[in-house]
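Chain by chain, the residues:
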Amino acid sequence: MRRSFRFLLRPTSKQAAALAQCLEDHRQLYNAALEHRRTAYRKAGVSVRYGDQSAELKNIRADDAEGQGRWSFSSQQATLRRLDKAFSAFFMRVREGRTPGFPRFKGWGWFDTVEWPKDGDGCRWDSQPGHPTTTFVRLQGIGHVKVHHHRSVKGRVKTISAKREGSRWYVILSCDSVPAEPLPAAGAVAGIDLGVAWLVTTSDGGHVTNPRHLVTSADRLAAAQRDLAHKKRGSSRRGRAVARVAALHAKVRRQRLDCAHKAALTLVRDYDMIAHEALRIANMTKRAAPEPDGQGGYLANGASAKSGLNRSILDAGWGVFLTVLAHKAESAGRELIAVNPSSTSRTCARCGHSARENRVTQAEFVCVACGHTAHADVNAAINILRAGLALREAAGAA
Ligand SMILES: [Zn+2]
C-alpha cells in the first residue's frame, strides 16, 4: 500500500528563510521553463520537451551557482516534470476537442510545494537518527530541519516534499510497502448518509457530527471571503484580507482532515462493510436550490446566501472524508461499497414507496403511502445499506 504522512516542520528562522528562497527559486524555474516552451512554440512552432529542459538544467545551475545551483538537481527536475504534466494534460484536452486554458505562470502564493523525488537524493528523512529526542529531515541548501514527529512512519519513504501553508511549513512523505493492519471482524454492516449538520449518519441511527470548531472556522472563512470580495484590487487592505482567507482555508483543511480521520476510524472499527453514496461532482458544486421552508413554501433562491457559502465549505469535506475512509478501510481489510444516490433520500425504507413528498423537511421523513416516520438521514442511510448489500450480492452471484 502507498500512503503519505505529513508533519509540521519547526525550522529555525534562518532555515525558514532558506525554505522560502528554495520555493521561490523553484517557482522561478517553473515560470522560466514555461516561458521557454511558449516562446519556442510561438516563434518557431517547436515543441520543447521535458528532456530538452532537463538537459539545460546543468548550464542553468553552473551559471547561477549562488542561486539555482544551491538546490537539489532532482527537485528541480521534479519541478520541470510538473510543468510537463501540465502540458500533457493541456494537449490531452485539446485532442478531446475541448478548449482548455494554456498552462499558466505561477504567481507568488500559487506555488507552494517542492518535491524531492527520492529519499537520499538531495534530501534525507530522519537525517540524525542518533538524536535522543528529535527527528530531523535534511533538505539540500536548507539543512537539518526539526520535525514535529507526532506519529510513526510506516513503509519505505519514497518521495519527500516541503509545503508552505500560510506561515507554516510541512514535510510530506510518500511511502510505499506500507503494511496493512487488518482489524478483527466486527459482525456488523452499515450504510452511511453524508450531510452538513451531521457529517455522517449511519443506518443504525448513529451520528458523527461536524465538530463545533470546524463549523465556527467555516463561518469565519465564509465571512472573510465576503469581506475580501469588497476590497479594491491592489490595495493593502485587500492584501491583508487575502492573507486572512488563506490562513482560514489552511485551518479549515487541517480541522476537516482531523475530523475525517476520527470519523473514519470509528466506522472502520465498528463495521465490516460500509455502503456510501457515490459522490457526483455536479452534486457538490450545485448550490442554493430552493429548499422547502417547512411551512409548505419555499425559501427564495439565495435567501440563505450566508448559510449557502458556509454550507459549501462544509460540503467540500465529503470528498476528503471518503478518501480517508477508503484508505483506512483498505488497511483494515474492510469492504467499502459506493451506491447510486439517485433516490435514497425520498424512498421509504419500510415499504419502498418513492416520492418527493415523503421528505417533509431536511430532517423529517414521513412516507405518504405507509405512514412510516423516521429521521430523514437515517432513512436514507438504510436505503444506502440495502443498495450496498444488493450490489454485493450481485457481485457474488456473477
Ligand atoms: Zn412507506
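Residues numbered from 1 in each chain as written. Predicted model: local features only at pLDDT ≥ 70, side-chain atom pairs only at ≥ 80, totals over all residues. Heavy atoms only, no water.

## A word on the overall build of the protein
In step 1: Within the protein one finds nine helices and 14 strands.
In step 2: Referenced to the eigenvectors of the C-alpha coordinate spread, the extents of the protein come out at roughly 80 × 55 × 45 Å.
In step 3: Every one of the 398 residues in the protein was classed for burial, and the buried ones make up 38%.
In step 4: Excluding contacts between residues fewer than 6 apart, the proportion of contacts in the protein whose partners are at least 24 apart in sequence is 66%.
In step 5: Counting only carbon and sulfur atoms, one obtains 52% of the accessible surface of the protein, whose full area is about 21,700 Å². (Helix = DSSP H or I, 4+ residues; strand = E, 2+ residues; numbered from the N terminus. Buried < 20%, exposed > 50% of the residue type's maximum accessible area, 1.4 Å probe, protein only. Contact = heavy atoms within 4.5 Å. Areas by Shrake-Rupley, 256 points an atom, 1.4 Å probe, with all protein chains shown as cover.)

## Side note on the sheet that holds strand β2 (residues 113-116)
In step 1: Reading across from one edge, β2-β6-β7-β1-β5-β4-β3 is the order of the seven strands in this open sheet, with antiparallel pairing throughout. Whereas interior strands pair on both sides, the edge strands pair on one side only; in this sheet they are β2 and β3 (123-125). Here the strands of the sheet are splayed against their neighbours by 30° on average, with no regard to which way each runs.
In step 2: By the bridge criterion, six bridges tie strand β1 (residues 3-10) to strand β7 (residues 168-176) in an arrangement that is antiparallel. Along β7, the bridge assignment pairs S4 with S174. (Pairing = 2+ DSSP bridges. Axes fitted to C-alpha atoms, helices over the stretch in contact; angles between N-to-C directions.)

## Notes on the side chain of S161
In step 1: Within the secondary structure, S161 is located in strand β6 (residues 156-165).
In step 2: Classification of S161 by relative accessible area gives buried; the value is 9%.
In step 3: Each residue touching S161, except ones within four places of it in the same chain, is listed here: T113, V114, E115, W116, Y170, V171 and I172.

## Side note on the packing of helix α1 (residues 13-44) against helix α3 (residues 73-95)
In step 1: It is the contact of α1 with α3, at a shortest axis distance of 10 Å, that shows an interaxial angle of 45°. Taken together, the axes of α1 and α3 are oblique relative to one another. By crossing handedness, the relation of α1 to α3 is classed as right-handed. Within the contact between the two elements, α1 uses H26, L29, Y30, A33, L34 and R37 and α3 uses S75, Q76, T79, L80, R82, L83, D84, A86 and F87.
In step 2: Its residues assigned to classes, the contact of α1 with α3 shows eight nonpolar, four polar and three charged. (Parallel < 35°, antiparallel > 145°, perpendicular 65-115°, else oblique. Left-handed = near helix turned anticlockwise from the far one by under 90°. Nonpolar A, V, L, I, M, F, W, Y, C, P; charged D, E, K, R; others polar.)

Worth remembering: the numbers are spatial, not functional.
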